[in-house]
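Here is how the chains run, residue by residue.
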Amino acid sequence: MQSLYNPDIYPDGIREMICESGETGIGIANRWMTGWPKRVVKLLVEDMYEGAFQYQLLQEQDVIARASNLSHLAPMEIIVMSGLNPEPPEV
């Protein structure tokens, strides 16, 4: 299992939520933090991170679950092919 990138940036409750969300959730958090750190910080400051994260997690889990016939592709390929935005929302 991958570890959370820059875990100290998150408040305790958010960090626990991310870690409890499994591999997909940690992957989302890491992708967002490494690609769009300013957006992540803004979401955290505006207290909007949890909602945005939960929405993205549910969307990605659903897309990956429905793509059982595409098991030869990486989860990120499936997400991009499905049209989901891999970026965190802009605030």
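Everything in this summary refers to the structure shown in the same document. Please read all numbers here as calculations on a predicted model, not as lab measurements.

Attention now moves to the environment of L58. Tracing the backbone shows L58 in helix α4 (residues 49–66). With 34 residues separating them in the primary sequence, L58 and T24 have C-alpha atoms 9.7 Å apart.

On to a nonpolar patch on the surface. Nonpolar side chains collect at one region of the surface, where I9, V41 and V45 lie side by side and expose about 240 Å² of accessible area between them. Among the secondary structure elements, V45 is positioned in helix α3 (residues 37–45).

Counting through the fold element by element, N30 comes out in helix α2 (residues 22–35). Among residues more than four places away in sequence, those in contact with N30 are Q2, S3, L4 and Y5.

Bringing the packing of aromatic side chains into the picture now. The tally for this structure, following the rule as stated, stands at four aromatic pairs. Between W32 and Y49 the ring centres are 5.8 Å apart and the planes differ by 80 degrees, which places this aromatic pair in the edge-to-face class. Within this pair, whereas W32 is found in helix α2, its partner Y49 is found in helix α4, the two being separated by 17 residues in sequence. A ring pair is formed by W32 and F53, whose centres lie 6.5 Å apart and whose planes are at 90 degrees; its orientation type is edge-to-face. Of this pair, W32 sits in helix α2 while F53 sits in helix α4, and the two are 21 residues apart along the sequence. Considered together, W32 and F53 belong to a single accessibility category, that of buried residues. Site record: aromatic cluster; members linked through ring pairs are Y10, W32, Y49 and F53.

What counts and what doesn't
Residues numbered from 1 in each chain as written. Predicted model: local features only at pLDDT ≥ 70, side-chain atom pairs only at ≥ 80, totals over all residues. Heavy atoms only, no water. Helix = DSSP H or I, 4+ residues; strand = E, 2+ residues; numbered from the N terminus. Patch = residues over 30% accessible without salt bridge, like charges linked within 9 Å, V, L, I, M, F, W, Y side chains within 5 Å. Areas by Shrake-Rupley, 256 points an atom, 1.4 Å probe, with all protein chains shown as cover. Salt bridge = Lys/Arg side-chain N within 4 Å of Asp/Glu carboxyl O. Contact = heavy atoms within 4.5 Å. Phe/Tyr/Trp six-rings, centres within 6.5 Å; stacked < 30°, edge-to-face > 60°. Buried < 20%, exposed > 50% of the residue type's maximum accessible area, 1.4 Å probe, protein only.

Geometry only, nothing functional implied.
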